[in-house]
Amino acid sequence: MPPHAPSRHALNRPFPSACWIVMAALMLTSVARAFDTVILDPGHGAHDRGAAIGYVYEKHLALDTARRVEQLLRKEGLKVIMSRSRDVFIPLQDRSALGNSRSDAIFVSIHYNYNRGGSGAGAETYYHFTSGYMLAAYIQAYLVQRTGMTNRGVKSANFHVIRATTKNPAVLVECGFVSNSSERARMLTGEFRAKIAEGIAQGIVAFRKSK
């Protein structure tokens with residue numbers, strides 16, 4: 001069974017006031033109905049390897065995952081724009097500029113996580129503006145359901161790509177920890193990366209259909 005529409009309570013966030021819920025619902029209704037384009041942003045690239053253990057680089061994992069999400073979304077009839085489709089470096093300001101380049105879009109940045117102590121585990125999804133909260137919540141719910149990863153929740157953050165993308169709902173997804181040996185072994189398999197991609201894509205589609 002697909003997960004129910006996520007709430008702040010379900011994702012370990014406090015309930016907002018009833019007034020806030022009504023206002024957010026009205027605002028998010030128009031957002032969910034408006035977009036027909038998804039801007040996918042695979043993190044890092046070229047000399048910027050991102051999280052790395054040995055020869056396992058975040059930049060490769062993020063690009064492979066984003067390509068899989070792209071294919072799934074195109075099958076759903078959505079238009080997809082990729083910030084990069086190969087191993088090149090894209091400055092942060094260019095990524096956010098792309099996020100602002102369309103008025104009928106959402107922006108989803110795909111990353112993998114790292115913890116110096118190796119103890120981190122699970123998936124988490126970040127937003128900056130309120131307009132990105134429900135998109136983050138849907139992606140997080142479906143990602144956790146599809147992969148079985150620990151639910152680290154939906155969190156507010158100040159990352160450049162979601163802070164500077166102001167015209168469209170924008171989120172950043174952390175798809176597990178490269179520094180965690182167990183998760184690293186799973187994410188090195190195409191089967192697991194396919195599940196991650198399916199969770200992200202299902203969350204995007206569910207968000208679009210939610211209002």
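Parameters at a glance
- Residues numbered from 1 in each chain as written.
- Predicted model: local features only at pLDDT ≥ 70, side-chain atom pairs only at ≥ 80, totals over all residues.
- Heavy atoms only, no water.
- Helix = DSSP H or I, 4+ residues; strand = E, 2+ residues; numbered from the N terminus.
- Buried < 20%, exposed > 50% of the residue type's maximum accessible area, 1.4 Å probe, protein only.
- Contact = heavy atoms within 4.5 Å.
- Areas by Shrake-Rupley, 256 points an atom, 1.4 Å probe, with all protein chains shown as cover.
- Expected span 1.5 Å × (residues − 1).
- Pairing = 2+ DSSP bridges.
- Salt bridge = Lys/Arg side-chain N within 4 Å of Asp/Glu carboxyl O.

Caption draft 1: Spatial organisation of the overall build of the protein chain. The helix and strand inventory of the protein chain stands at seven helices and eight strands. When each of the 211 residues of the protein chain is scored for burial, the buried share is 51%. Taking the intrachain contacts of the protein chain between residues at least 6 apart in sequence as the baseline, contacts between residues at least 24 apart amount to 81%. Carbon and sulfur atoms make up 53% of the accessible area of the protein chain, which totals about 9,600 Å².

Caption draft 2: Summary view of helix 4 (residues 133-147). In this model, helix 4 (15 residues) spans 21 Å end to end at C-alpha, consistent with the 21 Å of a helix rising 1.5 Å per residue. Two residues or fewer past helix 4, Gly-148 is found with a positive phi of approximately 75°.

Caption draft 3: Structural context of the pairing of strand 5 (residues 105-113). The element strand 5 is largely enclosed, with a buried count of nine among its nine residues. Pairing between strand 1 (residues 37-42) and strand 5: six bridges, direction parallel. Residue Leu-40 lies in a different strand from strand 5, and its bridge partner there is Val-108. Bridge count for strand 5 against strand 8 (residues 170-177) is six bridges, and the pairing is parallel. Each bridged residue has a counterpart across the sheet, and for Ser-109 the counterpart in strand 8 is Leu-172.

Caption draft 4: Quick peek at the pattern of salt bridges. Under the criterion given, the structure shown has ten salt bridges. Across the salt bridge formed by Asp-64 and Arg-193, the nearest N and O atoms sit 2.6 Å from each other. With Asp-64 in helix 2 (residues 58-75) and Arg-193 in helix 7 (residues 190-209), this residue pair connects regions lying 129 residues apart in the sequence. In this structure Arg-193 comes out as buried when scored by relative accessible area, which is 13%. Ionic contacts of the salt-bridge type, sharing partners, join the residues Asp-64, Arg-68 and Arg-193 into one network.

Caption draft 5: Inspection of the environment of Gly-43 at higher detail. Structurally, the position occupied by Gly-43 is in the loop between strand 1 and strand 2 (52-53). Remark: the alpha-carbon pair of Gly-43 and Leu-61, spanning 18 residues in sequence, is separated by 9.2 Å. Filtering out sequence-adjacent residues up to four positions away, Gly-43 remains in contact with Lys-59, Ala-62, Arg-84, Arg-95, Ile-110 and His-111.

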